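Report on the structure
Here's the letter readout for the chains.
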Amino acid sequence: MPRHDQDRIRINPSILAADFVNMQAELARIAEADFVHVDVMDNHFVPNLTFGPQMVERIQATSPVPLDVHLMIADPDRWAPEYAEIGAASVTFHLEAATEPVALARRLRSIGARAGVAVKPATPVESLFDLLDDFDQILVMTVEPGFGGQSFMPETMPKLRRLADEAKRRGSAVWLQVDGGIGESTIAQAAEAGADTFVAGSAVFGAADPGLAITALRGIAAHSH
Ligand code: DX5
Ligand code: ZN
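So, how was this worked out
- Along each chain, the written sequence defines residue order, and numbers are assigned to residues from 1.
- Chain letters and ligand numbers both follow the written order, the letters beginning at A and the numbers at 1.
- Only residues with pLDDT of at least 70 get local features here, since the model is predicted, and only at 80 or more are side-chain atom pairs given and counted; chain-wide, interface and lining totals rely on the full set of residues.
- The basis for the side-chain values is all heavy atoms of the structure; hydrogens and waters are excluded.
- Note on terminology: a nonpolar core comprises buried Ala, Val, Leu, Ile, Met, Phe, Trp, Tyr and Cys residues joined through side-chain atoms within 4.5 Å.
- The rule is simple: take the accessible area with a 1.4 Å probe, protein chains only, and divide by the maximum for that residue type; under 20% is buried, over 50% is exposed, in between is partly exposed.
- Here a strand is any run of E in DSSP of at least two residues, a helix any run of H or I of at least four, and the numbering for each starts at the N terminus.
- For this analysis, residues touch if any pair of their heavy atoms sits within 4.5 Å.
- At least two bridges found by DSSP between two strands is the condition for calling them paired.
- Helix axes are fitted only over the stretch in contact, all axes being lines through C-alpha atoms; the angle between N-to-C directions runs from 0 to 180 degrees.
- Here the term donor refers to an N, O or S atom within 2.8 Å of the metal (or 3.2 Å for Na, K and Ca), and because water is left out of the atoms, sites may appear incomplete.
- Sites are called tetrahedral only when four donors show all angles between 85 and 135 degrees, square planar or octahedral only when four or six donors show opposite pairs over 155 degrees and all other angles between 65 and 115, and irregular in any remaining case.
- The near set for a molecule or strand comprises every residue that places at least one heavy atom within 4 Å of it.
- Counted as a polar contact is a pair of N or O atoms within 3.5 Å, where, for protein atoms, one must be capable of donating a hydrogen and the other of accepting one, and residues adjacent in sequence contribute only when both atoms are in side chains.
- Using the Shrake-Rupley algorithm and a 1.4 Å probe, accessible areas are obtained, with residue cover drawn only from the displayed protein chains.
- Classification convention: Asp, Glu, Lys, Arg as charged; Ala, Val, Leu, Ile, Met, Phe, Trp, Tyr, Cys, Pro as nonpolar; all other residues, Gly among them, as polar.
- Centre distance within 6.5 Å is the pairing criterion for rings of Phe, Tyr and Trp, where only the six-membered ring of Trp is used; planes under 30 degrees apart are then read as stacked, over 60 as edge-to-face, and the remainder as tilted.
- Charge-over-ring placement is defined geometrically: NZ (Lys) or CZ (Arg) within 6 Å of the ring centre, and within 35 degrees of the ring normal.

Before going further, it helps to spend a moment on the nonpolar core. In terms of nonpolar packing, the biggest core is built from 65 residues, with Ile15, Val38, Val40, Val56, Val69, Val91 and Phe198 touching the most fellow members. For this core, the leading source of residues is helix H6 (residues 157-169), giving five residues. The residues contacting Val40, other than those within four sequence positions of it, are Thr50, Phe51, Val56, Val69, His70, Leu71, Met72, Ile73 and Tyr83. Core analysis: the second largest hydrophobic core is formed by five residues, Met41, Phe45, Val46 and Ala97 among them.

Right under this line is the structure:
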C-alpha cells in the first residue's frame, strides 16, 4: 500500500481501556499511534466518571503522542478551554451539551487546539453542514457515549456518509472521526463511509501487542478509505 494512503488515516487509541494506575507504561505501549484519545466524563452528560484536568495534564506531560481530548461533559462552554490550555492537540465537545458551539470552537482555536465537535448516534449532522469551516474535526459516535467495549452501531454509517459527501462537496479539510466499537471487523465500513480518524479502545489495549493492533487497523482503514 502506498505510504500516502496510510498518511491520511489516523488511529487514536482510547486510554479508557488502559490500566489507569499504570498510565505511563500504558502510554508507552501506543507510541505508534497518531494521538492518544482521552475520554473525560462527568457523571452528568454521561453516566460514568473518569478524570479531569489534573489527570489530563499529567497524561499530556507523559504521553509520547499528542492528546485528542473527548469531553463527555455538561457545560463545555465553561470547561473545554482549560483542556486546550493544558496543551491538548485537539479538544472535542458534544454538540448536545454546548450552548454556543461556534464561539467555543473559535476560543479553542485561539488557544492553539484543533476544535472538534461530537454527535451522539441519534443526533443529526445536517446542522453542522454550514459550520464545517469552524471545526477541524467532527466525531460521529458509533456507540452511545459513556463506556468502552460496546458494539459498533452500523446504523450511524448513513449519517457519516452524508457528512463526508457534504465535506467533499465543500472542499472542506475537516477530519471525520468515529469512536465506539472500532476494531478489525468494523473499521472498514467506517472508512468506506468516509471516516479518516479512528478511536479504538479495547481493540488496541486489549491486544497482546498494541503496536501491531494499531498497524493492522491502519492498514485496513487505508485500504477501505
Ligand atoms: C465511549 C468513549 C470511547 C471508548 C471507546 O464513550 O468515547 O472513546 O473508549 O472504546 P471501545 O473502542 O472499546 O468501544
Ligand atoms: Zn471517546
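Before going further, it helps to examine the sheet that holds strand E2 (residues 36-41). Pairing is parallel in the open sheet, where eight strands are placed in the order E1-E8-E7-E6-E5-E4-E3-E2. This sheet does not close on itself; its edge strands, each paired only once, are strand E1 (10-13) and E2. Across the sheet, the mean angle from the axis of one strand to that of its neighbour is 25 degrees, orientation sign disregarded. Where strand E5 (residues 114-119) meets strand E6 (residues 137-141), four bridges bridge the pair, whose relative direction is parallel. Counterpart to Val117 in the pairing with E6 is Ile138. Packed onto the sheet, helix H4 (residues 76-86) meets E2, strand E3 (67-72) and strand E4 (90-94) and runs at close to 165 degrees relative to E4.

Of the protein atoms, only His37 (NE2), Asp39 (OD), His70 (ND1) and Asp179 (OD) coordinate the zinc ion (ligand 2), at distances of 2.1 to 2.3 Å. For the zinc ion (ligand 2), the six donor atoms are set out with angles of 71 to 173 degrees between them, so the coordination reads as octahedral. Of note, the zinc ion (ligand 2) draws all its donor residues from one chain, in the sequence arrangement H-x1-D-x30-H-x108-D. Here His70 lies in strand E3 and His37 lies in strand E2, a separation of 33 residues in the sequence. With respect to burial, His37 and His70 carry one shared label: buried.

Within the structure, ligand 1 sits among 20 residues, and Asp39, Gly146, Asp179, Gly201 and Ser202 are positioned closest to it. Between Ser14 and ligand 1, the recorded distance is 2.8 Å, taken from a side-chain N or O atom to an oxygen atom. In this structure, Gly149 approaches ligand 1 through a main-chain N or O atom, which is 2.9 Å from an oxygen atom. Contact with the protein chains removes 99% of the 380 Å² of surface that ligand 1 exposes when unbound. Residue assignment for the shell around ligand 1 shows that the elements contributing at least two residues are E2, E3 and strand E8 (197-200). Per-element accounting of the shell around ligand 1 gives the leading share, three residues, to E2. The class makeup of the residues in the shell around ligand 1 is eight nonpolar, ten polar and two charged.

Attention now goes to the side chain of Thr123. Mapped onto the elements, Thr123 comes out in the loop between E5 and E6. Not counting residues up to four positions away in its chain, the partners in contact with Thr123 are Leu95, Glu96 and Lys159.

In total, this model carries three aromatic pairs according to the counting rule given. Ring centres of Phe20 and Phe51 lie 5.5 Å apart, and the angle between their planes is 55 degrees; on these two criteria the pair is classed as tilted. With Phe20 in the loop between E1 and helix H2 (23-28) and Phe51 in the loop between E2 and helix H3 (53-62), this pair connects stretches of sequence that are 31 residues apart. A relative accessible area of 33% means that Phe20 is categorised as partly exposed. Of the residues examined, Phe51 reaches a relative accessible area of 11% and is grouped as buried. For Arg10, the ring lying beneath its charged end belongs to Trp175, and the centroid distance is 3.5 Å.

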